[in-house]
Amino acid sequence: MFNTLKSKVWIILLLLYGNSMASPGDSLSRKDYERAAGYLAQGLQKYVYNTSLRPNWLEGDRFWYMETTSKGKTFFLVDPAKKTRKTAFDHAKLAQTLGKATGKSYSADQLPFTVIRFSPDLKQLYFSAENKNWSYAVASGKLAESTAGTAAEPEPEGFMARRGRTPEIPSPDRKQVAFLRDHNLWVREVSTKKETQLTTDGVKDFGYATDNAGWTTGDGPIISWSPDSRKIATFQQDQRHVKDMYLVTTNVGAPTLKSWKYPLPGDKEVILIHRVVIDVPTRKVVRLKVGPDPRRSSLSDNITDGGRLADVDWSPDGKELAFLSTSRDHKISRMRMADTETGEVREVFEETVPTYYESGVNAINWRYFPATNEILWYSERDNWGHLYLYDSRTGKLKNQVTKGDFVVARVTDIDEKSRRVWFTTAGMDPKNPYYQRYCRVDFDGKNFTDLTPATGTHQVSWSPSKKYLIDTYSEPDVPPAFELRDADGNSLLALGKADISRLESETAWTPATPVKLKAADGKTDIYGLVYTPKHFESGKKYPVINYIYPGPQGGSVRSWSFSPVSGDNQALAELGFIVVAIEGTSNPYRSKGYHDMNYGNMGENTLPDQMAGIRQLAQQFPIDLDKVGIWGHSGGGFATAAAMFKYPDFYKVGISESGNHDNRNYEDDWGERYNGLLENADYEAQANPTHAKNLKGKLMLAHGMMDNNVPPYNTLLVVEALQKANKDFDLVIFPSATHGFGAYSNYMMRLRWDYFVRHLQGLTPPKEFDLGAYLSRASR
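So, here's what we can say about the structure.

### A few points about the overall build of the chain
Then, in step 1: Each helix and strand in the chain was counted, giving 14 helices and 45 strands.
Then, in step 2: At 28 Å, the chain has a C-alpha radius of gyration in line with the 28 Å of a compact globule built from 780 residues.
Then, in step 3: Its C-alpha atoms put the chain at 75 × 70 × 60 Å along the principal axes.
Then, in step 4: The buried share among the 780 residues of the chain stands at 57%.
Then, in step 5: For the chain, the proportion of contacts with a sequence separation of at least 24, taken over those separated by at least 6, is 59%.
Then, in step 6: Summed over its atoms, the accessible surface of the chain is roughly 32300 Å², and 49% of this surface lies on carbon and sulfur atoms.
Then, in step 7: Taken together, the 97 basic and 94 acidic charged side chains of the chain have centroids lying 4 Å from each other.

Right under this line is the structure:
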């Protein structure tokens, strides 16, 4: 509904870079910008090799994988039982044999494979090279053209979001797919293509399985199939009385008005879901005998989890459905059990919190175990996110499963037979609480095991038998290493590491510097990353740019794993700035008390922590505290304008992109979760238009006029307030762009660089540097 139109970008500048501090001759050149652009992903990724290990599992938990370095490719075969790693075949021999067959010359580490697989017995290797398929006998070295398939498996019929077709959800047995048509739910048999309409009374704004949360929409159904593929849990979504949001296209001729349902905080009517279970073979629709729920989940401001209906769990036979109902303000979560044959619903237990309930970090962590009548539950009741075991019949707590000053982030695996659960944690690494580890514990809370004890953030890949795991771990300034471990976390074999030798030798790249600081309260530890120019001038102090995303569901540091690039942070540093990204209080992966620090006052935006951190960093780095800039996108755009209005003597230059400047004008589930209901929080006092009159520095506002996430009226409210206050500012409008600016992102990045160079450094940027064209050339 909101496809970006290909119309010309109009830039509205209310003040055309007036009052520049630059004097003639004080400028940056195109070469300076090209050097900076070399520190974006398109410039640096080509120098980095082997940042991940992709195992190809074979019988007996053996696996092969490809290691890529600056010198070329090597294929290894690993036998975990024998603790051995060896080359999968004689690379030099195959290079020679293939060269003879094609009339070309290859080195052992430069084999031109595009696709590769082994036969189950490892005796035959199949690959594609020089536009042909080949078969190679590993033992004898015999090579022949092959008709055996080497390509990836075809996309299964009914795969979610199939190319060129309406998104569909396949049943567990892959025999049917569910899809939407005319506000009703349908299924199609994969083999016969026969279509069956399951619901018949769905109408506009009261349809079945509808995907509209206001801030995001989709064409596919939101459902959950039962394990036996015979039933579907979904809802009839009532948005008939919800207010509309509007956007207007920019084009030659009459514009098109786009409208859709978009509830706001404080609205009397919000989107409600009437829960139903559908028996697919009989097309019987069973309405659960419970009142409608607000369109809420325990995870995020949507009711999907991995593309499926969130907060539901089935019994194997599909006769019972456990589901969680969340109150509008997220303070109350009710665990309920439904009889899918009759629709009867019984209450199991509920959890009430003063702020908001969440069932994990980026994952829903509760599970229903019908065989033992138990529910694995997630709670932060002791100030840390932990697992608890409940009796699903009585609703009584049986025991706490995990304990300690750490957070269970994501439940990854469960074995009901052995009564064990595997999960990621944060807070266990003494170096940095954001580093994540993989752990295991028994349902009764015994035998807690840290499976990945090495310093860093970990990702794990399990063998088919779950006897072994491949541990990938890294830090922001330490490249990934790969290690084979047994099921108890014992190290068996080193499997290599990333190769950044070219990155270090052929560029001036150095990693960002991790820092540990104190929050504004002087007590709480906060963490961040600092990006500096590669060539400091002795005795010079540098302007600082504060990149910000205040959360509360995320933070300014995009990832605590290794990456040679994080947005344009290093590129900006190469233009002569020190760039800082600080995780302020109220971000996730910490204690509940930490996460709640800004509850009810989102307008604080972690800014006191940001300023406190920058002042501390000025004791370690050559920072000019008289030249502090700030920028952010979306929530970061909200924070940036707030910084310029509330702390105008500290922040001198700001660039606010796509900001939700007044949460009364942003989707209901965001503010009502983190601020509370409108009647219980002072939304007006937190809104940026309220404080716009305090602007002293240079502020650029930017927004896409087809932004269906954060509607552009958020920024226009700030514009109007600034005009009423007789303030100078700059405004960039993208008439046809959505929330992230899409095709205009490089243009916005260049404007961002220009603005900081001109107003924070007092220099003149090169005129109309074409960043997009340069990056296109650089990536070739």
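This is not the end of the story, as more comes after the structure.
### Concerning unusual backbone geometry
Then, in step 1: Cis geometry marks the peptide bond from Gly551 to Pro552, where omega comes out at 10°.
Then, in step 2: Considering the arrangement of structural elements, one finds Pro552 in the loop between β40 (542-547) and α5 (569-574).
Then, in step 3: One non-glycine residue, Asn373, lies in the positive phi region at around 55°.

### Some words on the nonpolar core
Then, in step 1: Ranked by size, the top nonpolar core spans 143 residues in total, and within it Tyr651 and Trp753 carry the most contacts.
Then, in step 2: Counting residues per element, this core draws most heavily on helix α13 (residues 745-761), which supplies eight residues.
Then, in step 3: Ignoring any residue separated from it by four or fewer positions in sequence, one finds Trp753 in contact with Tyr33, Ala36, Ala37, Leu40, Asp568, Ala571, Leu572, Leu575 and Leu771.
Then, in step 4: Counting residues in hydrophobic clusters, the runner-up holds 21 residues, among them Ala88, Phe89, Ile116 and Tyr136.

### A word on the pairing of strand β27 (residues 374-379)
Then, in step 1: Of all six residues in β27, six are buried; the element is thus mostly enclosed.
Then, in step 2: The pairing of strand β26 (residues 367-369) with β27 spans three bridges and is antiparallel. By the bridge assignment, Arg367 is partnered in β27 with Leu376.
Then, in step 3: Count of turn residues in the β26/β27 antiparallel hairpin: four residues, of which Asn373 carries a positive phi of about 55°.
Then, in step 4: In terms of strand pairing, β27 meets strand β28 (residues 386-391) through six bridges, oriented antiparallel. Of the residues in β28, the one forming a bridge with Ser379 is His386.

### Section: the sheet that holds strand β36 (residues 478-486)
In a beta sheet, neighbouring strands pair by backbone hydrogen bonds and run either parallel or antiparallel.
Then, in step 1: Read from one edge to the other, the open sheet built from four strands follows the order β34-β35-β36-β37, with strand pairing classed as antiparallel. What marks the edges here is a single partner per strand, and that holds for β34 (457-462) and β37 (491-497). Across the sheet, the axes of successive neighbouring strands diverge by a mean angle of 25°, strand direction being ignored.

### Some words on helix α8 (residues 635-646)
An α-helical turn contains 3.6 residues, so a residue and the one three or four places further along point in the same direction.
Then, in step 1: Its 12 residues give α8 an end-to-end C-alpha distance of 16 Å, which sits within 8% of 16 Å, the value for a rise of 1.5 Å per residue.
Then, in step 2: Here α8 lies mainly inside the structure; 11 of its 12 residues are buried.
Then, in step 3: Inspection of α8 places Gly635, Gly636, Gly637, Phe638, Ala639, Thr640, Ala641, Ala642, Ala643, Met644 and Phe645 among the buried residues, and these make up the whole buried set.

### A closer look at the environment of Phe76
Then, in step 1: Examined against the element boundaries, Phe76 turns out to sit in strand β3 (residues 72-79).
Then, in step 2: Between the C-alpha atom of Phe76 and that of Ser559, which follows or precedes it by 483 residues, the distance is 29 Å.

### Section: a nonpolar patch on the surface
Then, in step 1: Together, Tyr246, Val248 and Leu257 give the surface a local cluster of nonpolar side chains, amounting to about 270 Å² of exposed area.
Then, in step 2: Within the secondary structure, Tyr246 sits in strand β15 (residues 244-248).
Then, in step 3: You can call Tyr246 partly exposed: its relative accessible area is 38%.

### A look at the pattern of salt bridges
When the charged atoms of two side chains lie near each other, side chains of opposite charge can form a pair.
Then, in step 1: Taken as a whole and assessed by the stated rule, the structure comprises 48 salt bridges.
Then, in step 2: Between Glu358 and Arg673 there is a salt bridge, and its shortest N-O distance comes to 3.7 Å. On the criterion of sequence distance, the pair formed by Glu358 in the loop between β25 (345-352) and β26 and Arg673 in helix α9 (residues 668-674) is long-range, its members being 315 residues apart. The same class applies to Glu358 as to Arg673, namely buried.
Then, in step 3: Residues participating in the shared-partner salt-bridge network are Arg296, Arg328, Asp668, Asp669 and Glu672.

### Things to note about the environment of Lys289
Then, in step 1: Its place among the elements puts Lys289 in the loop between β18 (284-287) and β19 (293-294).
Then, in step 2: By relative accessible area, Lys289 is classed as exposed at 51%.
Then, in step 3: With 403 residues separating them in the primary sequence, Lys289 and Ala692 have C-alpha atoms 50 Å apart.
Then, in step 4: In this structure, Lys289 is in contact with Thr342, Gly343, Glu344 and Val345, ignoring residues within four places of it in sequence.
Then, in step 5: Looking at Lys289, its side chain comes within polar contact range of the side chain of Glu344, at 2.8 Å.

Scoring rules and cut-offs
- Residues numbered from 1 in each chain as written.
- Predicted model: local features only at pLDDT ≥ 70, side-chain atom pairs only at ≥ 80, totals over all residues.
- Heavy atoms only, no water.
- Helix = DSSP H or I, 4+ residues; strand = E, 2+ residues; numbered from the N terminus.
- Rg over C-alpha atoms; globule rule 2.2 N^0.38 Å.
- Buried < 20%, exposed > 50% of the residue type's maximum accessible area, 1.4 Å probe, protein only.
- Contact = heavy atoms within 4.5 Å.
- Areas by Shrake-Rupley, 256 points an atom, 1.4 Å probe, with all protein chains shown as cover.
- Lys, Arg positive; Asp, Glu negative; His and termini not counted.
- Charge placed at Lys NZ, Arg CZ, Asp CG, Glu CD.
- Core = buried A, V, L, I, M, F, W, Y, C linked by side-chain atoms within 4.5 Å.
- Pairing = 2+ DSSP bridges.
- Axes fitted to C-alpha atoms, helices over the stretch in contact; angles between N-to-C directions.
- Expected span 1.5 Å × (residues − 1).
- Patch = residues over 30% accessible without salt bridge, like charges linked within 9 Å, V, L, I, M, F, W, Y side chains within 5 Å.
- Salt bridge = Lys/Arg side-chain N within 4 Å of Asp/Glu carboxyl O.
- Polar contact = N/O pair within 3.5 Å; in protein donor to acceptor, adjacent residues only side chain to side chain.

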